[in-house]
Amino acid sequence: MAEVDNQLEIKFRLTDGSDIGPKAFPDATTVASLKETVISQWPREKENGPKTVKEVKLISAGKVLDNNKTVKDYRSPVSNLVGAVTTMHVIIQPLLTEKEKKPKGDDPKMNKCVCSVM
């Protein structure tokens, strides 16, 4: 029973509304490991799947999760309820190639104006 208490049921919500999981993960699992799980279980029929951990962003409770932290670091009190499943949202940001990267400040058309709402 103690082993079940040290695990968190997580499902990963993709941008199109489909899910991967749910699956149980031990509290000691790192966010980077969760991202590897997303990559390995990415639906084959979906285009533009992530290829590396750096392309995947996980969001839980409005926070972008840090690769070095563990599931336990992001556990919420609601996740301790019987049968609770934590939903983590998956955002894919493909890495830019060198050609796509522009040095900052080289665009003469860049607007220098700043607006603020008070």
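Scroll up for the structure.
In this text the structure is predicted, and so the values were computed from the model without any measurement.

Draft legend 1. Representation of the pairing of strand 3 (residues 56-60). Here strand 3 shows a buried face lined by Val56, Leu58 and Ser60 and an unburied face lined by Lys57 and Ile59. Pairing geometry for strand 3 and strand 5 (residues 86-92), over four bridges, is antiparallel. The partner of Lys57 across the bridge, within strand 5, is Ile91. Pairing of strand 3 with strand 4 (residues 63-64) involves two bridges; the strand directions are antiparallel.

Draft legend 2. Broad picture of the environment of Gly17. Assignment of secondary structure puts Gly17 in the loop between strand 1 (7-13) and strand 2 (19-26). Separated by 72 residues in sequence, Gly17 and His89 have C-alpha atoms that sit 9.5 Å apart.

Draft legend 3. Spotlight on the pattern of salt bridges. Overall, the coordinates contain four salt bridges when judged by the stated rule. The shortest N-O distance in the salt bridge between Asp27 and Arg75 comes to 2.7 Å. Linking Asp27 in the loop between strand 2 and helix 2 (31-40) with Arg75 in the loop between strand 4 and strand 5, this pair joins segments that are 48 residues apart in sequence. An identical accessibility class is assigned to Asp27 and Arg75; each is buried. Residues joined by salt bridges that share partners form a network here, namely Lys11, Arg13 and Asp19.

Draft legend 4. Highlighting the nonpolar core. In terms of nonpolar packing, the biggest core is built from 16 residues, with Ile10, Phe12, Leu34, Val38, Leu58, Met88 and Val90 touching the most fellow members. Looking at this core, the elements that each hand over two or more residues are strand 1, strand 2, helix 2, strand 3 and strand 5. Not counting residues up to four positions away in its chain, the partners in contact with Val38 are Phe12, Ile20, Leu58 and Val90.

Draft legend 5. Spatial organisation of the packing of aromatic side chains. The tally for this structure, following the rule as stated, stands at one aromatic pair. Seen from their ring centres, Phe12 and Phe25 are 6.0 Å apart, and the 75° between their planes marks the pair as edge-to-face. Residue Phe12 is located in strand 1, and its partner Phe25 is located in strand 2; the two are separated by 13 residues in the primary sequence. For the pair formed by Phe12 and Phe25, the shared burial category is buried.

Reading the values: rules and limits
- Residues numbered from 1 in each chain as written.
- Predicted model: local features only at pLDDT ≥ 70, side-chain atom pairs only at ≥ 80, totals over all residues.
- Heavy atoms only, no water.
- Buried < 20%, exposed > 50% of the residue type's maximum accessible area, 1.4 Å probe, protein only.
- Helix = DSSP H or I, 4+ residues; strand = E, 2+ residues; numbered from the N terminus.
- Pairing = 2+ DSSP bridges.
- Salt bridge = Lys/Arg side-chain N within 4 Å of Asp/Glu carboxyl O.
- Core = buried A, V, L, I, M, F, W, Y, C linked by side-chain atoms within 4.5 Å.
- Contact = heavy atoms within 4.5 Å.
- Phe/Tyr/Trp six-rings, centres within 6.5 Å; stacked < 30°, edge-to-face > 60°.

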